[in-house]
Amino acid sequence: MAVRDSTGMYCELFKLKEPPFRLTPDPQFLFASKQHARAKAYMESTIWLADGFVVITGEIGSGKTTLIESFLAELPKDIVLAQINQTQLTPVEFLQALLVEFGFKPFRKPKVELLAMLKDFMIEQYAAGKKILLVIDEAQNLSRQVLEEVRMLSGLETRKEKLLRIIIAGQPELSRKLDSPRLQQLTQRVRLRFHLGALSKRETHEYIVHRLKVAGAEGRTIFDSASCDTVFRFTGGVPRLINVLCDTAMLCAFAEERMSVDEPLVRAAVEELQWVEYSERIRGHEQSPNSTGRFSTPGNATFAKLEVLLHDQLVGEFALPSGRAIIGRTPDNDVQIRSKFISRHHAQIVSDRTQSIVEDLNSTNGVFVRSERIKHHALADGDIIQLGEHKLLYRDLRALPGHRTEHVAVDADESSDEHGDEPHDDTELDEEPFDEDEALEEETPR
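Rules of the game
Counting restarts for each chain, with residues numbered from 1 along the sequence as it is written. Local features in a predicted model are, by the rule used here, given only for residues with pLDDT of at least 70; side-chain atom pairs are given and counted only at 80 or more, and totals for whole chains, interfaces and linings are based on all residues. Only heavy atoms go into the side-chain values, all of them from the structure, while hydrogens and water stay out. Per-residue accessibility, obtained with a 1.4 Å probe over protein chains only, is compared with the maximum for each type, and a residue is labelled buried under 20%, exposed over 50%, and partly exposed between these values. Every helix listed is a DSSP run of H or I at least four residues long, and every strand listed is a run of E at least two residues long, numbered separately from the N terminus. In predicted models, pLDDT denotes the confidence assigned by the predictor to each residue on a 0 to 100 scale. Contacts are assigned to residue pairs that have any heavy atoms within 4.5 Å of one another. One bridge is not enough; two strands pair if DSSP finds at least two bridges between them. To obtain each axis, a line is fitted to C-alpha atoms, and for helices this fit is confined to the stretch in contact; angles are then taken between N-to-C directions over 0 to 180 degrees. Only buried residues count toward a nonpolar core, which is a set of Ala, Val, Leu, Ile, Met, Phe, Trp, Tyr and Cys residues joined through side-chain atoms within 4.5 Å. One less than the number of residues in a helix, times 1.5 Å, gives the span that helix is expected to have.

So, about helix α3 (residues 64–72). Counting buried residues along α3, eight of its nine residues qualify, which places the element largely inside the surrounding structure. Of all the residues in α3, the buried ones are Lys64, Thr65, Thr66, Leu67, Ile68, Ser70, Phe71 and Leu72.

Next up, the structure:
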């Protein structure tokens, strides 16, 4: 299959207004399963409960961020919102980020002054009949010290009610942190907790139909029942994985100029993505907290590779097999680069037997090739992809004499070699040593 611009290229064939399975969170595509509807109702309760404090957890790709964006899009006008998504912060940086959300420039001020500014602002808003809501996404990255600051802020009150309503959302590690005896005081202030699980087989069918309907399918059947069953078998009902597989299957259908997706096309997409069934993946590929999230297995065809450089020093290599590889800051990406200049899902590279295409996934700081910012670009051997401070040197292996397409990447979770059990760190790339309490600045504005 020749790779072209994958953003919307099949919409004309399928008579859709927009691509139905984008990875970026879009509130209009929210599928209200029973558990998503319940989680949203819990978030809405923070508006009418004077001491509203809700914790939402879910696995990577379960739809937490889309749910939050849908909730925020419907906020009443009397709500003053602070939304924090960059959570690798020190306590002072957290307070500064909160004040920035409220319109202040709180830099070079001591912590005691920051707290006084926050309290004065909240009292002013309360007197004006406003309600203040703090929403924190990716909260599993918050250090214990920052969570303690959240507890302190949750205690600010007038004689009648609390000044701050709070929603925090994150991966399951957040629940484990909150259950720690050292955070018992914070946990006692939480009114409601809810965990988002994966979709059932029936809900997976409904989810696919829903997203196609929103995109303009108008009742037409694009995925038949057997294809939906296969999607569930390989994704386990995880919404982000459903999006990736369905999008790839539609690309396969586009390549064959077919206006519907059947079960063989889904399996063709699975081959391109080099996935195994979800149940097998859970048994055989238990992801550690530091996993890059890639699901490929040794022995898959490799068409090219990336050499990742920081300050012109090689810090890792990554093989590019058939299909797509997503590059970003968070562990659910195929290539994780933990840097303040890298967006959550920054770019993707789509490869087949003939070429590789790099595409910007609406990143904050952009993707540059040959000093030009690009949206999508056909890569040539030796091209350097600039992502913030990191350079990705593209090496095309297709034309090398005697090249055998073998998997050569080292994942962070493939942690042992032939001679021992020492971990490899090649695919999870930090700018410098990183721990839970280390602070990273917010992404540089566009």
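Now, onward.
When pLDDT is low, close inspection of the predicted coordinates is not appropriate. Within the protein chain, residue pLDDT values average 82, and 83% of them lie at 70 or more. pLDDT under 50 marks residues 403–428. Its contacts with residues more than four places away, or in other chains, come to 59 contacts. Low confidence marks residues 430–446, where pLDDT is under 50. Its contacts with residues over four positions away, or in another chain, come to 51 contacts.

Attention shifts here to the pairing of strand β10 (residues 347–351). With respect to burial, β10 is a largely interior element, five of its five residues being buried. Here β10 shows two buried faces, one formed by Ala347, Ile349 and Ser351 and the other by Gln348 and Val350. Taken together, the five bridges between strand β8 (residues 323–328) and β10 define a ladder with antiparallel strand orientation. In the sheet register, Gly323 faces β10, and the bridge partner there is Ser351. With five bridges joining them, β10 and strand β11 (residues 356–360) adopt antiparallel strand pairing. Its bridge partner lying in β11, Gln348 is registered against Glu359. In this antiparallel pair of consecutive strands, β10 and β11, the connection spans four residues.

This next bit is on the sheet that holds strand β4 (residues 164–170). Judged by pairing direction, the sheet is parallel, and its five strands sit side by side in the order β2-β3-β4-β1-β5 without closing on themselves. The sheet is open, and its two edges are formed by β2 (79–84) and β5 (192–196), each paired on a single side. Across the sheet, the mean angle separating the axes of adjacent strands is 15 degrees when strand polarity is ignored. In this structure, β2 lies alongside strand β3 (residues 131–136), joined through six bridges in parallel fashion. Each bridged residue has a counterpart across the sheet, and for Val80 the counterpart in β3 is Ile132. Seen against the sheet, helix α2 (residues 34–48) touches β1 (53–58), β2, β3, β4 and β5 and runs at an angle of roughly 155 degrees to β5. The strands touched by helix α6 (residues 144–154) within the sheet are β1, β3 and β4, with β4 carrying the most contacts at an inclination of about 155 degrees.

Okay, the nonpolar core next. Core analysis: the largest hydrophobic core is formed by 38 residues, its most contacted members being Phe223 and Met250. Within the residue set of this core, elements represented by two or more residues are α1 (11–14), α9 (201–214), α10 (225–235), α11 (239–255) and α12 (263–273). When near neighbours in sequence (up to four residues on either side) are disregarded, Phe223 contacts Phe21, Ile208, Leu212, Cys228, Cys246, Ala249, Met250, Val261 and Val266. Of all hydrophobic cores here, the second largest spans 36 residues; its members include Phe53, Leu114, Leu142 and Val146.

Each α-helix winds once per 3.6 residues, and so residues spaced three or four apart point in a common direction. Between the first and last C-alpha of α2 there are 22 Å, a value that for 15 residues agrees with the 21 Å anticipated at 1.5 Å per step. Considered for burial, the residues of α2 that qualify are Gln35, His36, Ala39, Lys40, Tyr42, Met43, Ser45, Thr46 and Ile47. Summarising the contacts, the buried residues of α2 are in contact with β1, α3, β2, β3, β4 and β5.

With that settled, consider the environment of Val367. Along the polypeptide, Val367 turns up in the loop between β11 and β12 (368–369). Val367 sits in the buried class, given a relative accessible area of 0%. With sequence-adjacent residues up to four places away left out, Val367 is seen in contact with His346, Ala347, Val358, Asp360, Glu372, Arg373, Ile374, Ile385, Gln386 and Leu387.

Of note in the backbone geometry, Arg108 takes a positive phi value of approximately 60 degrees without being a glycine. Along the chain, the position of Arg108 falls in the loop between α4 (91–101) and α5 (111–127). With a relative accessible area of 88%, Arg108 lands in the exposed category. Notably, His311 is not glycine yet its phi reads approximately 55 degrees, a positive angle. Mapping His311 onto the fold places it in the loop between β6 (302–310) and β7 (313–321).

With that out of the way, let us pick up the environment of Thr24. Of note, Thr24 is situated in the loop between α1 and α2. Judged by its relative accessible area of 34%, Thr24 is partly exposed. Along the primary structure Thr24 and Asn362 are separated by 338 residues, whereas in three dimensions their C-alpha atoms are 8.6 Å apart. With residues up to four places along the chain from it excluded, the contact list for Thr24 reads Leu361 and Asn362.

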